[in-house]
Every structure is written in C-alpha cells, then in structure tokens.
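# Coordinate analysis (summary)
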Amino acid sequence: MLTKRTLLHAAVLALAAPAALRAEINTPENEDSWKSLRTQFFGDRPIGAGDGFIVLNAPTRAEDAALVPIDLMFPARGAGDDRVKAVTLIVDENPMPMVATLQRGRIDKGPFAFSLRIRVNSYSNVRAIAETESGALHMARVFVKAAGGCSAPAGKDPEEARAAAGKMRFRTFAATGRDEAQVQIRHPNYSGMQMDQETRLYTPAWYIVAVKVLQGDDLLFSMENGISLSEDPTFRFTYRANGAPIRVEARDSRGAEFTRVFSGNGDPA
C-alpha cells in the first residue's frame, strides 16, 4: 500500500533524478570526498583500523534513505586499556557530511552500544571515527546504497510537527532482560532541502543541534548534530538503572531549548 510519504518521496526523487544517477557512480573504493573531509576534521592525525575499538553496522541498501539505522558498538576493554571517549559519524556524500559527534560520559571497561537513525542523500561510505582517551583515532566504515534522504518529505503534517516539537519519550528494556534505554525527541528536523509540494518552496532548515542525557548528576552522553539526523531523533544506548532520574536536554537550530526529567524506569518524574 502506497503511503503519502512514499508518494511524496517518489516525486522528489523524480525531480532529483540526475543526482540519483550520479549516486550510482559512487563506490566503496571512492575516497575522493574522504580525502578532503579527513583533513577538514582530523588534520594530519593518523587514523587506525576500528578493530577492538569500534564496530559500525548499517544496511548495505537502505529501505528508507531518510531513516537509515546506524548501530555503534564499543567492545569491552581490559583494565588499563585505552578506551573510546568520543565518536564522529560522517557520511561522505551528504551535503553536510558530519552527522554527529558523540561524547561519552561515564566510561567503564564494559561494552557500550549506541544506535540512531540518519539521512543518507547519495550512495556513500558511512564512517565512524572513534577517539580514545589517549587521543588515538580508529575508524570503521560501511558503504550504504541510498539516495534522496536529505530531501525526502517529512512524514508528518507541518503544523502537527511544530506543535509537537520538543516533546520527549524515555523507555527502558529491563523487562526484556536488556540493559538498554531509548530516548526520542519529537522534532521535524528539516534539513533545508525538502520542498513543500504545495508552494514549491524549500522548507527552511530547522533541526536539533545538541543533545545531552544525564543519569542523576552523571553524564551518559552528549551530542552535537548536523542536518542528517532523521525526523524525530531517536537514540538507543546501553543503560544500567540505579534509581537516579534521567534528564534529557536538547537545543535546536532556532535556539529553542527543551528539557524533560524521567524516573529511572521511564515514567515522567
């Protein structure tokens, strides 16, 4: 059954056919974009393989280019071993390649998992560059086949999206035996590349630029984001309930700030 979102997305892709055709040219071996991005973000710092430091999972062919699932895993490290403190997520061929930078708060020797959904605008390498406490860099890479994610129409009515902006949800998965939690921030996250199908004008960019999640007084993680996060940004992460409340803070590109406090079991505090 064709949904309104599917039909609108198809219309935008038809208008952007040349770009989609260019996407076919991109291959996993194409490093042209990465050469300049590497210098821009990391200078001449050496970047090693991700083995033992970071694992990146993403679909090789995305079902929805505006909702591409990305899973990051930081393997357990031994006592005294160098541990990952931050990750930069980059999509080489996106209009704004830097998707997000993730800063870990409490860092222990156990494994840490983090998932989010992003937009991919063209066939591209997706890279996760981890930085350790010693300052070393390690990279994992996956080639994703997707096109039009940054220009895909929003899935919700604009008025509904504006009214709901900043609302949040927090849930845990303790009942399933998993030490995980999930935060969702309602926001249209307009990239600035989506066309209003009635006015034929581009919708101005409006997106979440920063997120911080705390457990009591302890920082779990913080993020700085570009236009490539999906609509209604959602983050799933390793979490161990200790009775302390969860505080979620976010700021968008218009300067609006949103804050919500939840009990440790997911209920509003």
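Keep in mind that what you see is a predicted model, and the values were worked out from it rather than measured.

Another aspect to go through is the sheet that holds strand β12 (residues 218–225). Strand pairing in a sheet relies on backbone hydrogen bonds. The paired strands run either parallel or antiparallel. The strand order across the open sheet built from nine strands is β1-β8-β7-β4-β5-β12-β11-β14-β15, with neighbouring strands paired in mixed fashion. Each end of this open sheet is capped by a strand with a single partner; those strands are β1 (47–49) and β15 (257–262). With strand direction ignored, the average angle separating the axes of adjacent strands in the sheet is 20 degrees. Where strand β4 (residues 84–91) lies against strand β7 (residues 124–132), seven bridges are found, and the strand directions are antiparallel.

Counted according to the given criterion, the structure contains eight salt bridges. Where E31 meets R141, a salt bridge forms, and the shortest distance between an N and an O atom there is 3.1 Å. In this pair, E31 sits in the loop between α2 (17–23) and α3 (32–42) while R141 sits in strand β8 (residues 137–144), placing the two residues 110 residues apart along the sequence. A relative accessible area of 22% places E31 in the partly exposed class.

The next subject is the side chain of D252. Assignment of secondary structure puts D252 in strand β14 (residues 246–252). For the buried D252, no salt bridge exists, and the shortest N-O distance to an oppositely charged side chain is 6.1 Å, to R254. Of the polar contacts made by the side chain of D252, one reaches the side chain of H187; its length is 3.1 Å. If sequence neighbours within four positions are ignored, D252 has contacts with H187, W206, Y207, I208, V209 and F258.

Let's shift gears to unusual backbone geometry. A positive phi angle, near 65 degrees, is found at R200, a position not held by glycine. When you line up the elements, R200 lands in the loop between β10 (180–185) and β11 (208–215). Judged by its relative accessible area of 44%, R200 falls in the partly exposed class. Residue D232 is not a glycine yet carries a positive backbone phi of 50 degrees. Take D232: its relative accessible area is 7%, and that puts it in the buried class.

Moving on: the nonpolar core. Counting residues in hydrophobic clusters, the biggest one holds 48 residues, and the most contacted among them are I118, F221 and F237. Contacts of F221, omitting those with residues within four sequence positions, involve L102, Q103, G105, F114, V211, K212, V213, F235 and F237. The next biggest cluster of nonpolar side chains, apart from the first, holds seven residues, and it includes W34, I47, I90 and L137.

Another aspect to go through is the side chain of D92. Within the fold, D92 resides in the loop between β4 and β5 (98–104). By relative accessible area, D92 is classed as buried at 4%. In this structure the side chain of D92 is engaged in a polar contact, spanning 2.9 Å, whose partner is the side chain of R127. Look past the residues within four positions of D92 in its chain and what remains in contact with it is S33, W34, L37, P97, S124, N125 and R127.

Turning next to the packing of aromatic side chains. Aromatic ring pairs: the centre-centre distance and the angle between the two ring planes describe each pair. Under the defined criterion, the tally for this structure stands at 12 aromatic pairs. Between W34 and F42, the ring centres sit 6.4 Å apart and the planes meet at 55 degrees, which makes this aromatic pair tilted. Residues W34 and F42 agree in their burial class; the two are buried. When the centroid spacing of 6.5 Å and the interplanar angle of 90 degrees are considered together, the rings of F237 and Y239 count as edge-to-face. Within the aromatic cluster, the residues linked to one another by ring pairs are F114, F170, F221, F235, F237, Y239 and F262. Stacked on the ring of F53, the Lys or Arg R77 has its end atom at 4.0 Å from the ring centre. The lysine or arginine in question, R254, covers the ring of W206, its NZ or CZ lying 4.0 Å from the ring centre.

What the six strands build is an open sheet, ordered β2-β3-β6-β13-β10-β9; its pairing is antiparallel. The two strands at the open ends of the sheet, each matched to only one other strand, are β2 (55–57) and β9 (168–172). Pairwise comparison of adjacent strand axes, ignoring direction, gives a mean angle of 15 degrees for this sheet. Where β10 lies against strand β13 (residues 234–238), five bridges are found, and the strand directions are antiparallel. Bridging across to β13, E180 finds its partner in T238.

What counts, and where the lines are drawn
- Residues numbered from 1 in each chain as written.
- Predicted model: local features only at pLDDT ≥ 70, side-chain atom pairs only at ≥ 80, totals over all residues.
- Heavy atoms only, no water.
- Pairing = 2+ DSSP bridges.
- Helix = DSSP H or I, 4+ residues; strand = E, 2+ residues; numbered from the N terminus.
- Axes fitted to C-alpha atoms, helices over the stretch in contact; angles between N-to-C directions.
- Salt bridge = Lys/Arg side-chain N within 4 Å of Asp/Glu carboxyl O.
- Buried < 20%, exposed > 50% of the residue type's maximum accessible area, 1.4 Å probe, protein only.
- Lys, Arg positive; Asp, Glu negative; His and termini not counted.
- Polar contact = N/O pair within 3.5 Å; in protein donor to acceptor, adjacent residues only side chain to side chain.
- Contact = heavy atoms within 4.5 Å.
- Core = buried A, V, L, I, M, F, W, Y, C linked by side-chain atoms within 4.5 Å.
- Phe/Tyr/Trp six-rings, centres within 6.5 Å; stacked < 30°, edge-to-face > 60°.
- Lys NZ or Arg CZ within 6 Å of the ring centre and 35° of its normal.

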